[in-house]
Amino acid sequence: MSRISEAFEKRKALIPYITAGDPNLGITEKLVYALEKAGADIIELGVPFSDPLADGPVIQASHLRALKTSLADILKLVKKIRKKTQIPIVLMLSDNLIVKYGPEKFYRDAEGVGVDGVIVPDLPVEEAIAESREPKAVSRIFLIAPTSTEERIEMIAEASTGFVYLVSLTGITGKRKDLSTGLDALVLKIRKYTDKPIAIGFGISSPQTAKAAAVVADGVVVGSAIVDIIAKNKRNPLPKVSKFVSSLRRAIDR
Amino acid sequence: MFKNLPDKTGHFDKFGGRFVPETLIPALEELTSAYEKAKNDPQFKEQVEYYFDEYVGRPTPLYFAERLTEKLAGPKIYLKREDLAHTGAHKINNTIGQCLLAQKMGKKRIIAETGAGQHGVATATACALLDLDCIVYMGEEDTHRQALNVYRMKLMGAKVIPVTSGTMTLKDATNEALRDWMANVQTTFYCLGSCVGPHPYPMMVRNFQAVIGREAKGQIMEAEKKLPDYLVACVGGGSNSIGLFYEFLDDSGVKMVGVEAGGLSLKPGKHGAALCEGEPGVLHGAYSYLLQSKTGQVLPTHSISAGLDYPGVGPEHSYLKESGRVEYTNVSDKEAIAAFKQLSELEGIIPALESSHALAYLKKLAPKLDRSQIVIVCLSGRGDKDVESIKGL
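Conventions used here
- Residues numbered from 1 in each chain as written.
- Chains lettered and ligands numbered in written order.
- Predicted model: local features only at pLDDT ≥ 70, side-chain atom pairs only at ≥ 80, totals over all residues.
- Heavy atoms only, no water.
- Patch = residues over 30% accessible without salt bridge, like charges linked within 9 Å, V, L, I, M, F, W, Y side chains within 5 Å.
- Areas by Shrake-Rupley, 256 points an atom, 1.4 Å probe, with all protein chains shown as cover.
- Salt bridge = Lys/Arg side-chain N within 4 Å of Asp/Glu carboxyl O.
- Lys, Arg positive; Asp, Glu negative; His and termini not counted.
- Charge placed at Lys NZ, Arg CZ, Asp CG, Glu CD.
- Helix = DSSP H or I, 4+ residues; strand = E, 2+ residues; numbered from the N terminus.
- Axes fitted to C-alpha atoms, helices over the stretch in contact; angles between N-to-C directions.
- Parallel < 35°, antiparallel > 145°, perpendicular 65-115°, else oblique.
- Left-handed = near helix turned anticlockwise from the far one by under 90°.
- Contact = heavy atoms within 4.5 Å.
- Nonpolar A, V, L, I, M, F, W, Y, C, P; charged D, E, K, R; others polar.
- Buried area = accessible area lost by both parts, 1.4 Å probe.
- Polar contact = N/O pair within 3.5 Å; in protein donor to acceptor, adjacent residues only side chain to side chain.

Draft legend 1. Geometry of a negative patch on the surface. Together, E46, E49, D53 and E54 of chain B make up a negatively charged patch on the protein surface. Looking at the secondary structure, you find D53 of chain B in helix 2 (residues 42-56).

Draft legend 2. Main features of the packing of helix 10 (residues 207-216) of chain A against helix 12 (residues 238-253) of chain A. All names here are of chain A. Packing of helix 10 against helix 12 leaves a shortest axis separation of 8 Å and a crossing angle of 40°. Taken together, the axis directions place helix 10 and helix 12 in an arrangement best described as oblique. Helix 12 is crossed by helix 10, and the crossing has right-handed handedness. For the pair formed by helix 10 and helix 12, the contact residues are P207, A210, K211 and A214 on the first element and F244, S247, L248, A251 and I252 on the second. Along the lines of polarity and charge, the residues of the contact of helix 10 with helix 12 split into seven nonpolar, one polar and one charged.

Draft legend 3. Broad picture of unusual backbone geometry. Residues and elements named next belong to chain B. Here the amide bond leading from R58 into P59 is cis, since omega sits at -5°, within 30 degrees of zero. Within the secondary structure layout, P59 lies in the loop between helix 2 and strand 3 (62-64). P200 follows H199 through a cis peptide bond whose omega is 15°. When you line up the elements, P200 lands in the loop between strand 8 (188-190) and helix 9 (201-209). Within the chain, T87 stands out as a residue other than glycine whose phi angle is a positive 75°.

Draft legend 4. Quick look at the interface of chain A and chain B. Counting residues at the interface gives 35 residues for chain A, matched by 37 residues for chain B. With both sides pooled, the region where chain A packs onto chain B buries about 2,800 Å², and carbon together with sulfur makes up 53% of that total. By the criterion of area lost to chain B, the three top residues of chain A are D51, L53 and K100 of chain A, representing 24% of everything that side buries. Inspection of the region where chain A meets chain B yields four salt bridges. The tally of links from chain A across to chain B stands at 21 residue pairs in polar contact (both at pLDDT 80 or more). Going through the elements one at a time, helix 3 (57-65), helix 5 (95-101), helix 7 (125-131), strand 6 (143-144) and helix 8 (150-159) of chain A are the ones with two or more residues in the side of chain A that touches chain B. A per-element tally of the side of chain A that touches chain B places helix 5 of chain A first, with five residues. The class makeup of the residues in the side of chain A that touches chain B is 17 nonpolar, nine polar and nine charged.

Written out as structure tokens, the structure is:
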């Protein structure tokens, strides 16, 4: 069983997102350990890109701060982290970074250093299938949106490995006060086609919304709210990030 | 054989495609099928033609530039006068087409990106004409550089939103327009300004702009009884050039040259020559040539002409480059400015700085050709918008 599947077996998965290299790779490494300790089950590491299309202002700004950090640097970091923890690590990155790195080499290297999964928000499932990259050990997680048609839901659920990522809203990443309505119906629609775990992301930024999402799905991704704390506490974001993630954990488990 | 692309999935051989978040894919599918339906609908075609003739002022003249021809002492030079189209550039061909399609699809809210403001103005114009709501994203830096165009858009009822993310230019305005579309996809039509972006945009924009080449072909056959030897046009995203080239792609005797922005120099960050200096990558929804760093970050660009100040290029151009059908080159800011002045003095036509890049290339091309040969240059826009910045140099 893969590390990702194990994480979902255990409990409702809490998946915090941080941008690698923000504010620097040293702190990113420490944050990974701190996130695990605070109750994270999977870590989503963003790879900085000059034009992150699916992201709102908070994560965009983190990418710009970390822009000197390359994909190769981040793969090296994962290798280092793997000596200390087995927590599943999923990379979230724009397709151009993979194209430039070389898709085959990327998936080979990602597997080699112990990356568990890859999310490419601007690579829809048909382009991915057409490119016929076939990673063996690295899961490929595709996004389902509220606008996805039933036909597409089936295709995406089928192509995804590890888990299915449900985008909670039509729009970009960023904090929202409430969770979108209708998510439970959307989750049921996906469940018609797959028994793979479903994680909900985009817009989840408080213990309340995390809890609400965890009730309907198998996992919850929280990004902007954490990245915002890091931005406001650049010197030592660890205490405040840990405190916040612990509060998410408690809310989900309640 | 060059004219039957893209394929059903929006690919020009390996270029093009749809590289956008899932949220937008169903909207792109809806747009593709609405466009395909409209394209084969005689009523829609008639409607587009009506506005082209009665409102845009088509056909635009194919003007024999006698004094320029004399000066360059080479081939006969004809100018396709898109500068005489309403709003002063070819951009209106596309916005009329797309906004009519939006109306047909029942979408009342139109968004657009703009660099110098030409596409923004053309979108605001079509929206005023067709009673649609218009929101234009424009890099904050550009709103200052092109304050007059901001005012023109507002005058026609458009809302201009200054973009403060990234480098605050066209690339970032495009990012913001796509982000807006993601958030408002059910109610909104994205009127994209060039032959870039995800499928069906490169195909659809090309088809609306292809009127340029169709007219030019008829006009040159009438005037010269033969096809031209060369077509020359500037390439930023590439909509005026593909508009001129498309009709001639299968005429193997017609050579074509796309002229990119050589900027200050060909050092990274100092130009906008994606096809000459870039390599394939993914930006704004398509796989195409892209100016990028060694690690895959999109590079900043520079050009004296805001319309060419863009790190990407339409995927069909990438295909035409790799297939060898079209030659791509570049000229510097300085060469473009000299051509800007030369046409003003010789012909009494002030060309847009974008079009001046195509004109500047004539200086290199003309000595290689003889007097019996014919060159058509796409004069994609008028230069009134650039007078201020040239004056300031």
